[in-house]
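Commentary on secondary and tertiary structure
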Amino acid sequence: MTTVTALTTLTLLALAGCGTETGRESDGAAEAGSAVRTDLPLTDVRWSIESLSVDGKKTAAPAGASVEIDSKGKASAQAGCNSIGAQVTIDGDTITVGEKIMTKRGCTDALKAAFEGALNRAFDGKLKAKVEDKKLNLTTDDGDSIALSAEKPAPLVGTGWAVTSLVSDGTARSLPKDKKGESPKATLTFAEDGTVSGNLGCNGFSASAKVAGSTITFGPLKSTRRLCPEPGMSVERELTKVLKGQVTYEVHHRELTVKTADGEGLSAGAGAAAK
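Residues numbered from 1 in each chain as written. Predicted model: local features only at pLDDT ≥ 70, side-chain atom pairs only at ≥ 80, totals over all residues. Heavy atoms only, no water.

**A short note on the pairing of strand β20 (residues 255–259)**
Rules: Burial classes follow relative accessibility: with a 1.4 Å probe on protein chains only, a residue under 20% of its type's maximum area counts as buried, one over 50% as exposed, and anything between as partly exposed. By definition, any uninterrupted DSSP run of H or I lasting at least four residues is a helix, any uninterrupted run of E lasting at least two residues is a strand, and each is numbered from the N terminus. Being paired, for any two strands, means DSSP has found at least two bridges between them.
Residues L256 and V258 point to one face of β20 and are all buried, whereas E255, T257 and K259, pointing to the other face, are not buried. Pairing analysis gives five bridges linking strand β19 (residues 245–252) to β20, with the strands arranged antiparallel. Residue pairing for β20: Y249 is matched across the bridge by V258.

If you want it as structure tokens, here you go:
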């Protein structure tokens, strides 16, 4: 299971900057590579799956279900519980899905498990693609179909970001868990006035945050002084190292990555818009 998951993760990380913000929002297709020969705006867009129609039965997609294809033909599909990676070729309006790699996480939600099984069946072989008004429809030779819509990247400013992992020496790891299996709730939100605020895993904080191009320059952090049980304090110490001075950042759809020159960093997922 570990090997398959790692391979799929590499597939996901190898995707080009689909809907990526580095000081700006970008949207649309990139220059086509050798695996892509089409005028349709299919690649370098994150397509949210709205529904599947298999054997005449239509099923609504769970939250977060999506498909991405980069300009070199590397595709990833997020299903109900697992991820599907594949190399595809695009010629005109035809997408041919090659051998697939799927993670093997158990899914306790019966509806999600059924959906990912249907998606694995529909996202296979030769598919006809039709794009209209930021909507994409993929249809198999058997008449099964996947309905999708283009997803805009989350903006850096105004989005509530929840920290999901920490990076040290180029290696990412999930936030540690306590004895109850819960991770510290670390968050950050950038405001229009050039500040950032949130929680470091234990204490609340605020600081100035000057955004310029692909960099953010943090001012001194101001925080509360509570003592918290582990792993809250450990997470707070590591985040304090990241949110210091000048760093680089990238928004890939709904994921924010922040990196320091020393190789420290964090990844965060987009939540609700800040109020």
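**Description of helix α2 (residues 110–122)**
Under the convention used in this document: Here a helix's expected span is defined as the number of its residues, less one, multiplied by 1.5 Å. Taking the helix axis as origin, the arc is that swept by the directions to the C-beta atoms. In protein, a polar contact requires one atom able to donate a hydrogen and another able to accept it; more generally it is a pair of N or O atoms within 3.5 Å, and residues adjacent in sequence count only if both atoms are side-chain atoms.
Taking 1.5 Å per residue, 13 residues should reach 18 Å; α2 reaches 18 Å between its end C-alpha atoms and fits that length. Of all the positions in α2, only F115, E116, L119 and A122 are classed as buried. Axial view of α2: buried residues confined to an arc of 125°, hence all on one face. Pointing more than 90 degrees away from the buried face of α2 are the exposed residues A110 and A114. The N-capping residue of α2, defined by a side-chain oxygen 2.9 Å from the backbone nitrogen of L111, is D109.

**Here we look at the packing of aromatic side chains**
Both the distance between ring centres and the angle between the ring planes are used here to describe each pair of aromatic rings. Selection rule: Here a pair means two rings of Phe, Tyr or Trp (six-membered ring of Trp) with centres within 6.5 Å. Their orientation is stacked below 30 degrees between planes, edge-to-face above 60, and tilted elsewhere.
Per the counting criterion, the structure on display carries one aromatic pair. Measuring from centroid to centroid gives 6.3 Å for F190 and F218, while their planes differ by 35°, and the two rings are tilted. A residue pair is termed long-range when its members are at least 10 positions apart, and F190 in strand β14 (residues 186–190) and F218 in strand β17 (residues 215–218) qualify at 28 residues. Note on F218: relative accessible area 6%, which makes it buried.

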